[in-house]
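# A look at the structure
So you can see what is in the structure, the chains are spelled out below.
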Amino acid sequence: MKRILNRLGLLALLGLWLTPVAQADVLDDVRRGTNVRLNAARIHVKGNDYATGYWLLPKAPGSLNLNVPARDFGINSDLVLHLYGSRSGNVLTWTFDDTLPSPYYLGGANSVTRVRGTLKAFARQVRGADDPFCAHSSCPHNVELVLTSGSQVWVDGYTDIIIKVGWTEPVTVRQFVAYAGVPRPRLASVRVLTSTNRCQSPDPTELIGEVTLSSPAPTGGALVELLSVDASVGVLNVRVPEAQRTARFTMRLPSDWSGPTVIQASSGGIRQTLKVAVFKCIVEVFPFKYWQFLPASSIPRFLLNGGALVARLANQESDTLITAKSVAYPLQEVLKADRVEVKGVNGSGDVFGTAYTSKGPSAFRLKSSTVKSGAELWVDGYEALLGNAHGTPLVRWPDDKDTVYLVDEVGPMKHEGLAGLASGRIFFNALGESASTVATSKGARAVRIVRKEQQVLVDEESEVTALNDVGQVLGTVRGSDKKLRPFRWSSKEGVQWLPLPEGFVSGKAVSLNTSGWAVGTATSEDGKTQAAFISTPDGKKSVPLSQVAPEELTKAGYRFVEALAVSDDFEVLVRAIDGQGQTVHLVLRP
């Protein structure tokens, strides 16, 4: 389901606080449901008690009406009460007036001929992750119905002693508790979205996970309970929003953690486990064995984990998503827009961009693995800047291109720490940190931003080119000799200067994965030779990609002249010159 947000989001939330809409909505689930489950019901009439418990009553979907056989209450009669339902706020009212097929004998010469009255039940949402069962089927359980004031029931009958004397007696409803609505959706799966191909970090970091339900969550959402066997890994329960099937959660990893732990997830009576660990840190240069060519004349823009990428195809003004199996999805067709411009991707497989239609721009987020389903998030009137691994976008308003807005569940709100940076290139990670190139009185500077605080990383002319989800920043310094020098910054090591491949004197690093591997392009002294390179996480070695590329390509005369991106799965997007001198783009895989 696509969520649509706009500038009225805060006002809408206030409206929800001030009106009973959210409470009344639980009765929508009662209407949708196909059963009402009586937990306990007990009545007293003319000296007799009748009771029932844990009884499942069928109900037609799309209706609040209910048919209750008298035999369900232990009454030996063919009477079926026809309860006609209506709603007002969070109160469900049933009215009924039924004549018995034949008089029902109560004893003492008394018989009942008619039952009539009104039952008023207060409806409230039931939270939790359990899932009761009724006769081997899932029970309605997300709405509790408890009798409230205004309920009145009477029975009409007669006493037969020589002559029949009619009477009307009130019925005392001593107990009535029922559950209705829809069954709790069952937990279908739990998985890690972000790559675990990363080195241990000296700082606390995060992994992003996702839970999926078997069916959309009911009114108020569905709770999924989460627990980590390793108590040092922080994880909290997550609520799947109403009408949606998925929700993301954060696993907070302590410093130097590699695992493993087991995440236990449960909802709807189903429990699943997920083993989580950080893979062994890869620090040695490795060979690439596989490759994927991009369509001819395409301009690659972003690389996702798993090998999918975003590109601008020849003669197109809109971006296309190309899967790892080379299936192309023109995004203007997927989103039914005139033009789509992708602005960023994240480690969870999300694509962030702006769709332009006759109504104006709209920022969006879609999941690359389910691209045909369209956008998961749609922010009308805004242009996208990028987003982080939590799926949180940064956007800007077209008429105010200096202000950056962070989009949460309510809608866009100003990000004070990024004020004035909306027109430049911003990086935003899962830890909530940002990085950008900021103009100062001394010139351009690479800056790390945490909340509202800006930290200049190198006090020379510099720019930021990447920020990963463990807090490392990649950048390039332009020296006084105009030569470029790549660096990587971390909170523990500070600035590390990345070496260039032998024979090269200038270079720019452009992409950094969560393991700390960086890729870039180096230039020779005379400026006539360029080579794509990859740098190890320890910052001690940079190797031309031609030395580790698939042997079949190097034998065919391919020269790898520019590195464009590296994924957390160690895939590298490059520009190369083939044996005939033609420019091609391809993805290299280990």
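Residues numbered from 1 in each chain as written. Predicted model: local features only at pLDDT ≥ 70, side-chain atom pairs only at ≥ 80, totals over all residues. Heavy atoms only, no water.

### As for the overall build of the chain
- The helix and strand tally for the chain stands at 4 helices and 48 strands.
- Seen through its C-alpha atoms, the chain measures out along the principal axes to roughly 125 × 45 × 45 Å.
- Looking at the chain alone, contacts between residues at least 24 apart form 52% of all its contacts between residues at least 6 apart.
- Separation of charge centres in the chain, based on 63 positive and 57 negative side chains, amounts to 2 Å. (Helix = DSSP H or I, 4+ residues; strand = E, 2+ residues; numbered from the N terminus. Contact = heavy atoms within 4.5 Å. Lys, Arg positive; Asp, Glu negative; His and termini not counted. Charge placed at Lys NZ, Arg CZ, Asp CG, Glu CD.)

### Notes on the pairing of strand β23 (residues 309–312)
- Neither face of β23 is open: one carries Leu309 and Ala311, the other Val310 and Arg312, and all of them are buried.
- As paired strands, strand β22 (residues 299–303) and β23 are joined by 4 bridges and run antiparallel to one another. Within β23, the position partnered with Phe302 by the bridge is Val310.
- Between β22 and β23, which pair antiparallel and follow one another directly, the connecting turn spans 5 residues, one of which, Gly306, has a positive phi of 95°.
- Two strands pair when backbone bridges link them, and β23 and strand β24 (residues 320–322) are joined in this way by 3 bridges, in the antiparallel orientation. Residue pairing for β24: Leu309 is matched across the bridge by Ile322. (Buried < 20%, exposed > 50% of the residue type's maximum accessible area, 1.4 Å probe, protein only. Pairing = 2+ DSSP bridges.)

### Quick word on the nonpolar core
- In terms of nonpolar packing, the biggest core is built from 37 residues, with Leu83, Trp94, Val115 and Leu145 touching the most fellow members.
- Other than its neighbours up to four places away in sequence, Trp94 contacts Leu64, Leu66, Leu83, Tyr84, Gly85, Gly117, Thr118, Leu119, Leu145 and Phe176.
- Listed in part, the 23 residues of the second largest apolar core include Val233, Val240, Val276 and Val278. (Core = buried A, V, L, I, M, F, W, Y, C linked by side-chain atoms within 4.5 Å.)

### Examining the sheet that holds strand β21 (residues 290–293)
- Spatial strand order, β21-β48-β47-β46: 4 strands in an open sheet with antiparallel pairing. This sheet does not close on itself; its edge strands, each paired only once, are β21 and β46 (559–566). Ignoring strand direction, the axes of neighbouring strands in this sheet form an average angle of 30°.
- Bridge analysis of strand β47 (residues 572–577) against strand β48 (residues 583–589) gives 6 bridges, and the strand direction is antiparallel. Note on β48: the bridge partner recorded for Val574 is Leu586. (Axes fitted to C-alpha atoms, helices over the stretch in contact; angles between N-to-C directions.)

### Comments concerning the environment of Ile263
- Inspection of the secondary structure puts Ile263 in strand β19 (residues 261–267).
- For the pair formed by Ile263 and Asn110, sequence separation is 153 residues and the distance between their alpha carbons is 63 Å.
- Those residues in contact with Ile263, other than ones at most four positions away along the chain, are Leu226, Leu227, Ser228, Val235, Met251, Gln272, Thr273, Leu274 and Val276.

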